[in-house]
Amino acid sequence: MQPYDPQKPATPGAFAGRHELIEFVRTSLEVATSVRRGSALLLFGYRGSGKTSALRKVQALVRDAARDSVIVEVPLRFQSSETMLILGIVEAIRRQLASRPRLGSRVRRAVERVSAVSVLGTGIQREPAQHPPPSHPVTLWNDALEAMARVPLLCICIDDAELLDAGHVAILKTMAETDSPVPLLLAVAGGPELMEQLSRPVASPILRVFSGAMFDIGQFSLAETQEALEAPLKSNRRAGRWDTSAVESIYHLTHGYPYLVQCFGAAAYRDGQPIREDDVLTAVPKALRLASSWLERELPNASDQDIRAFVSVASLGRIEFRSSDLTRAGLNPVYTQRLVSAGVLRRVARGRYELRMAPAIAYFHALRRGLTDSTWETRRRSSSEIP
Ligand SMILES: Nc1ncnc2c1ncn2[C@@H]1O[C@H](COP(=O)(O)OP(=O)(O)O)[C@@H](O)[C@H]1O
Ligand SMILES: [Mg+2]
């Protein structure tokens, strides 16, 4: 069985890095279980950076800290209002309690009551006139918490929160600040659009609720890349071994994007054997195929010449460059500037640049467009030429 699966979030046992986040959750859980006070955290990340994986890890930590906790994950699958969010949460709590006969029937009855109200609130009922008017979402929320008063800890993970209606993001603040009878760990994850929404001046009170508890989960460091490649082997007791050169090569090709690391891991892994840089380079086309749905959304408007320029830079095998390195790689200042505008390169100081995108993106587009005159295979040659 393949220990790497880019289409699935990492299991808690195979989850790598993000130590700051894990520390925060551990501390929050100590506070929650000792003085019954809750906390809230916010995770940001690009697609495939590991938001869902991180929420699963949070849930595992909660389970370890307090076994009888009620833990729900609420992924927003489409644009949602605050009412839909609360209903989703109440419904998830109800489902979770249904599988927990050990929990008191009082809790279950109370939640059933709340969810019965909520069904009316959605307008699902045919003849709403015969029934009480729909509850306000905040009332529903309070009722649900009230029903959980005897639960040791309630953990709510809201995934893909950028799908909350723009005017409704304040519900997150309300939720985090409710004076709750059950300690609540609220973990919210969203893409860059959520961060954008929350950085507007009107949203600053919402952002303040999460201050000190915001985690921008970006690319892996080299050490995290190594951990992400090794952890699934440990947790599945597999005998393959990643050579340092192979890890470095994957780190370079993927720029540490977790989803891409997973694709390269899947493509290059050979059970029971050492995996070396050559194996990684041989597996590049396979890895690019695995990652194609992610890769094709990057740089959709680049010209062939942009892609050639990106490939030349990527083939240098480094992350930081001087203008002279770029010139030597055949880039004229016009193309350097185009790569800067496209977000491939960033100018860090006068005459100094940094690579911002994964070389895999360049190779993917080059292969797809048949611009294969220079490829990842030139990397070894050119990197040995650079002092
Ligand atoms: N911390 C991590 N450790 C190991 N693998 C990870 C980690 N974060 C993400 N991944 C891998 O990256 C891929 C995308 O992760 P996912 O959680 O689905 O991202 P997102 O929810 O941000 O789109 C998955 O294959 C997952 O296994
Ligand atoms: Mg996700």
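Above this note sits the structure.
Predicted, not measured: the structure shown is a model, and the values here were computed from it.

Colleague: Pulling in residues and values, what's your account of the pairing of strand β2 (residues 70-75)?
Modeller: Taking every second residue as pointing to the same face, the buried face of β2 carries Val70, Val72 and Val74, while none of Ile71, Glu73 and Pro75 on the other face is buried. Summarising the sheet, β2 and strand β3 (residues 154-159) pair through six bridges and their orientation is parallel. Bridging from a neighbouring strand, Glu73 pairs with Cys157 of β3.

Colleague: Hey, could you go over the sheet that holds strand β8 (residues 320-322) for me, with residue numbers and the actual values?
Modeller: As summarised here, the arrangement of the three strands in space is β8-β10-β9, forming an open sheet in which the pairing is antiparallel. The open sheet has two free edges, formed respectively by β8 and β9 (345-349), since each of these has just one partner strand. Averaged over all pairs of adjacent strands, the angle between their axes in this sheet comes to 35°, without regard to strand direction. In terms of strand pairing, β8 meets strand β10 (residues 352-355) through three bridges, oriented antiparallel. Within β10, the position partnered with Phe321 by the bridge is Tyr353.

Colleague: Just give me the short version of the packing of helix α9 (residues 222-235) against helix α10 (residues 244-254), but keep the residues and values in it.
Modeller: For any two helices packed against each other, the geometry comes down to the angle between their axes and how far apart the axes lie. Contact pair α9 / α10: the axes reach a minimum separation of 9 Å and the direction vectors enclose 115°. When the interaxial angle is binned, α9 and α10 end up roughly perpendicular. As for the relative orientation of α9 and α10, their crossing is right-handed in sense. Residue-level contacts link Leu222, Thr225, Gln226 and Leu229 of α9 to Val247, Glu248, Ile250 and Tyr251 of α10. Its residues assigned to classes, the contact of α9 with α10 shows five nonpolar, two polar and one charged.

About the criteria used
Residues numbered from 1 in each chain as written. Chains lettered and ligands numbered in written order. Predicted model: local features only at pLDDT ≥ 70, side-chain atom pairs only at ≥ 80, totals over all residues. Buried ≥ 20, exposed ≤ 12 C-beta atoms within 10 Å, placed from the backbone. Helix = DSSP H or I, 4+ residues; strand = E, 2+ residues; numbered from the N terminus. Pairing = 2+ DSSP bridges. Axes fitted to C-alpha atoms, helices over the stretch in contact; angles between N-to-C directions. Parallel < 35°, antiparallel > 145°, perpendicular 65-115°, else oblique. Left-handed = near helix turned anticlockwise from the far one by under 90°. Contact = placed C-beta atoms within 7 Å. Nonpolar A, V, L, I, M, F, W, Y, C, P; charged D, E, K, R; others polar.

Function cannot be inferred from these measures alone, as they are strictly geometric.
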